[in-house]
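Here's the letter readout for the chains.
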Amino acid sequence: MSVRVAVVYYSATGNVHQLAQAVAEGAASRNAEVRLRRAQELAPDTAIDANPAWRSHVDATKHEVPEATLDDLDWATAYAFGTPTRFGNVASQLKQFIDRTGRQWQAGVFHNKPATSFTSAMNRHGGQESTLLSLNNVFYHWGCIIVPPGYTDPLLYAAGGNPYGTSWPSGGGEGPDEATLAAARYQGRHLADIADRLRG
């Protein structure tokens, strides 16, 4: 049985979406089966329409990327979760999806499965690390094996050297640069490699 990676994320204007795609590419490069899934959008249209980049991203991805389901979590043998930073914490859209996992948690679906996290915030010190730690708190409760990138490859330094997970400061208005996308691909490869080792 091959490694099966669920990359589950929420993205408003597209930065975390780009990171998620890169993580998925990295895992797939290790011959893992990958499901790229987005959390359901919960914001009202009035809020989305007030930000043209948000509306554009919602419209561009609503048919391109399937919504995450709990079946995706049952299917996977490894997890990568991504979220924008919301006051140093997980976006409500992704949190709402996570909060629905009681059945999986009680059944032990997550036990000993590797998990990793990634994020984006407006500022370099805008709560990216605390957001990743917040996601990791979920993984502790699930009984997962947390797989951070650490400082395990020199390419991570070019992306800012965040040992907790790939992160992108989006305040300049541009999407993730190539160094950051390379770090995200590495994180996906690293997750798949660890998952492969764990399955023996």
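Residues numbered from 1 in each chain as written. Predicted model: local features only at pLDDT ≥ 70, side-chain atom pairs only at ≥ 80, totals over all residues. Heavy atoms only, no water.

Bringing the overall build of the protein chain into the picture now. Counting secondary structure elements, the protein chain contains nine helices and seven strands. Against the 2.2 N^0.38 benchmark of 16 Å for 200 residues, the protein chain shows a C-alpha radius of gyration of 16 Å, consistent with a compact globule. Across its three principal axes, the protein chain shows a C-alpha extent of roughly 50 × 40 × 30 Å. In the protein chain, which comprises 200 residues, the proportion classed as buried is 54%. Pairs at least 24 residues apart make up 78% of the contacts formed inside the protein chain by residues separated by at least 6 positions. (Helix = DSSP H or I, 4+ residues; strand = E, 2+ residues; numbered from the N terminus. Rg over C-alpha atoms; globule rule 2.2 N^0.38 Å. Buried < 20%, exposed > 50% of the residue type's maximum accessible area, 1.4 Å probe, protein only. Contact = heavy atoms within 4.5 Å.)

Tallied over the entire structure, the rule returns 13 salt bridges. Here Arg35 makes a salt bridge to Asp72, at a shortest N to O gap of 2.8 Å. Here Asp72 lies in helix α4 (residues 70-75) and Arg35 lies in strand β2 (residues 33-38), a separation of 37 residues in the sequence. We classify Asp72 as buried; its relative accessible area is 3%. In this structure, the salt-bridge partner of Lys62 is Asp59, at a minimum N-O distance of 3.8 Å. Judged by its relative accessible area of 43%, Lys62 is partly exposed. Judged by its relative accessible area of 35%, Asp59 is partly exposed. Within this structure, Asp45, Asp49, Arg55, Asp59 and Lys62 form a network of salt bridges that share partners. (Salt bridge = Lys/Arg side-chain N within 4 Å of Asp/Glu carboxyl O.)

Helix length check: helix α9 (residues 178-198) (21 residues) gives 30 Å between terminal C-alpha atoms against 30 Å at 1.5 Å per residue, within 8%. Considered for burial, the residues of α9 that qualify are Thr180, Leu181, Ala183, Ala184, Tyr186, Gln187, Gly188, His190, Leu191, Ala192, Ile194 and Ala195. Structurally, α9 contributes buried residues whose contacts are with β1 (4-9), α1 (15-28), β3 (78-86), β5 (114-121), α8 (155-158) and β7 (167-169). Immediately downstream of α9, the backbone of Gly200 shows phi near 80 degrees, a positive value. (Expected span 1.5 Å × (residues − 1).)

With that settled, the discussion passes to the packing of aromatic side chains. Geometry of an aromatic ring pair is reported as the spacing of the ring centres plus the angle between the planes. Here the structure, examined in full by the defined rule, presents eight aromatic pairs. Ring plane angle 10 degrees and centroid distance 3.8 Å describe the contact between Phe110 and Trp142, whose orientation is recorded as stacked. Of this pair, Phe110 sits in the loop between α6 (102-107) and β5 while Trp142 sits in helix α7 (residues 128-142), and the two are 32 residues apart along the sequence. A network of ring pairs unites the aromatic residues Tyr79, Phe81, Phe110, Phe139 and Trp142 as a single cluster. (Phe/Tyr/Trp six-rings, centres within 6.5 Å; stacked < 30°, edge-to-face > 60°.)

Locating Asn136 in the fold gives a position in helix α7. With residues up to four places along the chain from it excluded, the contact list for Asn136 reads Ser117 and Ile146.

In this section: unusual backbone geometry. Of note, Asn31 is a non-glycine position whose phi angle comes to about 65 degrees, a positive value. Residue position: Asn31 is located in the loop between α1 and β2. Judged by relative accessible area, Asn31 falls into the exposed class, the value being 67%. Although it is not a glycine, Asn112 sits at a positive phi angle of roughly 65 degrees.

According to UniProt, the "domain: Flavodoxin-like" (unreviewed entry) feature falls on residues 5-191. The span residues 5-191 shows a helical share of 43% and a strand share of 19%, and its end C-alpha atoms are spaced 8 Å apart. (UniProt positions renumbered as here; feature names shortened; annotations may be inferred.)

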